[in-house]
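The lines below spell out each chain.
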Amino acid sequence: MIRSVFGLLNVSQKKSAIKVLILIIVGAVLDIFGLALVLPVLAISSSPEDISTITELQKLYVFFGFRSTDQFLLIMYISLLLIFIVRALTFLYVKYVISKFSYGLSRTFSKQLFNVYLYKPLGFFQSNSTADLLRDVYVSTQQFSTYLIIPILQNISELLILFFVLGGLVLYNVQVFMLLVIVLGPISMMFYWLTKSKMEVIGKEVYSVNGQIINKVSQGIAGYIDVKLSNREQYFVKRFDDDQKYLSKLNITKSVLMDVFPKMIEFSAILGIVVIFVYSLLFLKEDQKGMILLLGLFGASAYRILPSISRIMSGMLLIKQYGYLVDIIKIAIEPTNKKIEPTSDLSALELKHSVSLRNAKFLYSNESVFNIDIPSFKIAKGEKLGIIGKSGSGKTTLVNILLGFYELNSGEIYVDENRLSIKSWPLWKKNFGYVQQNVYVSDVSLKENIAFGVDENDIDDKRVLECVSLALLDDFVDTLNGGINGILKENGMNMSGGQRQRLAIARALYFDRKILIFDEATSALDNETEKEVTDSIKSLSNGNITMIIIAHRFSTLKYCDRIIEMEDGKIKCEVEYDDLIQRN
C-alpha cells in the first residue's frame, strides 16, 4: 500500500516526501536521546555516590565546579527538562511539516481531479452521480491526506523510534527487550490479523453510504416543490436517516475497534510489570536497586514503546480502511486525463459559409439500439434552423455532436471546407452559446451570471449592459436592487422562466458567440413569456449569428429560415412553418 500511495506522487512531491522523512528521522533521534537520558538520571538519583565512580560524570562535576551532589543533580534535572522542551517543540514542528505536506497534496489532487472531470465528455456526467463526483473531488481527496498520507508518515516515524528504542534495549538489557517482545508482539499481530479485513469492508461501505447521503439531501432540496405537494417530507427524511443510521453503525464499529487495541496494550504493560515483580521475588530478593532499575527501564521503555505501537496499529488500520482511495486519486494523474492542447490555427475555425456533417454515424454504446445516421447535413452562416421531432428522435443528440460533446463513430464535421479534428474542438466550442430549458443561474450578481466564468474585476460592465439590452432584459434589471450588480438567488428563484432564458441569451452574446442553440428553451413557458423570448430571438436576426432552435412548440419557429424534422436518429424531411401550424 505504501508503494501504491507514493507511486501517485510526481518527482517534486517525492523530493518533498524525502525531506519530510529526513526531518522525521531527526525528530526520532532527538526523541530517543531524550528518553535515553532518563535512565542515567534515574540511576544516579537512586545512587548519588556513583557520580564519583563514573569517569564522565566526575569530569563534568569538576569542570563546572559543583560543590555538592545535590547541586549537580539539580542541574541534571533542569537540563533534562530543557531537553524535553526542545523535544516537544521539535515534535510540534515535525507535525506541522507533515500536515503541511499532506494537506498540500490534498489540495493538489483535489484540483487535478476537478480539472480531470471538467475535461470529461458529456457521457461521463450522464452515467455518474453528481453526488459521487462531489464526494470524490472534495471529501475523498481530504481523506486521502488525513487517512493515508499522514498515517503512513507517522508510522514511518514511529517505526524508526521503535527501532532505536528496541535496539538500545538489546544493547542495554536483553531481558527487558525479550519481555517486551513476548508481551506485546503476539497481541499486536493477532489484533491486526483479526481486524484488517473488517476495517477494509467498513471503509468501502462508508465511502458508498456517504455518496448516498449526499444524493438523498440533493434529491430532497432539488425536488422541494414535488416533495411539498405530495406531502413526502417524512419519506425523504426517513431515507436520509436510514443511511445516517447505517453510517453511525459503521463508525461506532470502527471507533470501538480502534479503541480496543490501546486497552489491550495497557493490559499487556500491567502484565509485564507483574512478570518483573515475580522475577524479582524469585531472582532479585537481595538486590532492591536491581529491581528498581529493571522496573524503571521497563517503565521508561513502555512509556515510549506502547504509544508508538498503538499509533502504528491505528495507522495500519486506517491505511487498510481507506486503501480504496488510491484508485480514486489515480484518476487525477493518469496520462489519458490530460487535456487536449487546442490548435493554434484560428482561421480554420472561423465560420465563413457553413457547418456540415458528412456521413455522420453515432452510437451511444455497443448495447444501444438508438443511433444517429445522417449522410448529409448543412447549416449556412446566419441561418436560423428549426429542428422538430418526437422525444427521443435525436434532436439534442445532433446538437451535442455539433458541440463536440459526443464523438462520431464515423463521418466528419466540416467548418466550410476545413475538417474538425480533436485539437480543433476546444476552440470550436467557443463559437457556441447554449440556451437550455433549465438555465444554470448561480447565486452571484447578474453581471457575474452573464459573464459566467470571468473574474468579477475583469467583467466589462459596458458590454454587459449592451447584452442586457440585446436580450431584452432591461425591464428585469430595472427592478433588480443594484441593477447588474444585484444578487440573483440560486437557480434564479427571483427570476421568471422567460428572464432566465434571456439571461442565457445575454450570456451567449457577452462572449460573442456566433452560433446560438436553443434547446427546448420555451417549452416550459406560458404563451406571453414565450413571445418575449421569441422576440429576443428575432432581435438577433442580423445575419451574423447562426441559430439552431429545437422546439416542440411550433410557434417558437416562426422566424426560422428552414425547419427539419427528425425521426429515429435520421433527418426525415424539411417542412414549412405554415404547414406545421396547420398540422398542429
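Residues numbered from 1 in each chain as written. Predicted model: local features only at pLDDT ≥ 70, side-chain atom pairs only at ≥ 80, totals over all residues. Heavy atoms only, no water.

> How should I be thinking about the pattern of salt bridges in this particular structure?
Any two side chains of opposite charge can pair, so long as their charged atoms come close to each other. Scanning all chains against the criterion turns up 15 salt bridges. Here D242 and K238 are joined by a salt bridge, their closest N and O atoms 3.0 Å apart. Taken as a pair, D242 and K238 lie in helix α9 (residues 233-283) at a separation of four residues, close to a single helical turn. On the accessibility criterion, D242 (33% relative accessible area) is partly exposed. Among the charged side chains, a salt-bridge network with shared partners connects D132, R135 and D136. (Salt bridge = Lys/Arg side-chain N within 4 Å of Asp/Glu carboxyl O. Helix = DSSP H or I, 4+ residues; strand = E, 2+ residues; numbered from the N terminus. Buried < 20%, exposed > 50% of the residue type's maximum accessible area, 1.4 Å probe, protein only.)

> Help me understand the sheet that holds strand β1 (residues 354-363), please; the structure alone is not making it clear to me.
Strands belonging to one sheet form pairs held by backbone hydrogen bonds; the direction of such a pair is parallel or antiparallel. The sheet built from four strands is open, its strands ordered β2-β1-β4-β5 with antiparallel pairing. Each having just a single partner strand, β2 (371-380) and β5 (418-419) make up the two edges of the open sheet. Strand direction decides the pairing type here: strand β4 (residues 410-415) and β5, joined by two bridges, are antiparallel. Considered in β5, the bridge of V415 is made with N418. Packed onto the sheet, helix α12 (residues 395-403) meets β1, β2 and β4 and runs at close to 115 degrees relative to β1. (Pairing = 2+ DSSP bridges. Contact = heavy atoms within 4.5 Å. Axes fitted to C-alpha atoms, helices over the stretch in contact; angles between N-to-C directions.)

> Help me understand the sheet that holds strand β7 (residues 515-519), please; the structure alone is not making it clear to me.
Ordered by their spatial adjacency, six strands build an open sheet running β6-β7-β8-β3-β9-β10, and the pairing between neighbours is mixed. What marks the edges here is a single partner per strand, and that holds for β6 (432-436) and β10 (570-575). Averaged over neighbouring strand pairs, the angle between their axes works out to 20 degrees when direction is ignored. Against the sheet, α12 contacts β3 (384-389), β6, β7, β8 (546-550) and β9 (562-567), and its axis sits at roughly 155 degrees relative to β6. In this fold helix α17 (residues 497-510) packs onto β6 and β7, with an angle of close to 175 degrees to the strand it touches most, β6.

> Explanation requested: unusual backbone geometry in the structure shown.
If a residue is not glycine, its phi is most likely negative; likewise, a peptide bond is most likely trans. Not every positive phi belongs to a glycine, and N359 is a case in point at roughly 50 degrees. Within the element layout of this structure, N359 appears in strand β1. The phi angle at D568 is positive, at roughly 55 degrees, despite the residue not being glycine. Note on placement: D568 falls in the loop between β9 and β10. Looking at D568, the relative accessible area reads 56%, which means it is exposed.

> Would you mind going over the packing of aromatic side chains with me for this structure?
Any two aromatic rings considered together are summarised by their centre-to-centre distance and by the angle between their planes. Across all of its chains, the model carries 12 aromatic pairs by this definition. A ring pair is formed by F124 and F125, whose centres lie 5.3 Å apart and whose planes are at 85 degrees; its orientation type is edge-to-face. Residue F125 is classed as partly exposed on the basis of its relative accessible area of 35%. Put simply, the rings of Y147, Y207, Y322 and Y324 touch in pairs and so form one group of aromatic residues. Lying over the aromatic face of Y207, R135 brings its terminal NZ or CZ to 3.6 Å of the ring centre. Between K254 and the ring centre of Y147, over which it is positioned, the NZ or CZ distance is 5.9 Å. (Phe/Tyr/Trp six-rings, centres within 6.5 Å; stacked < 30°, edge-to-face > 60°. Lys NZ or Arg CZ within 6 Å of the ring centre and 35° of its normal.)

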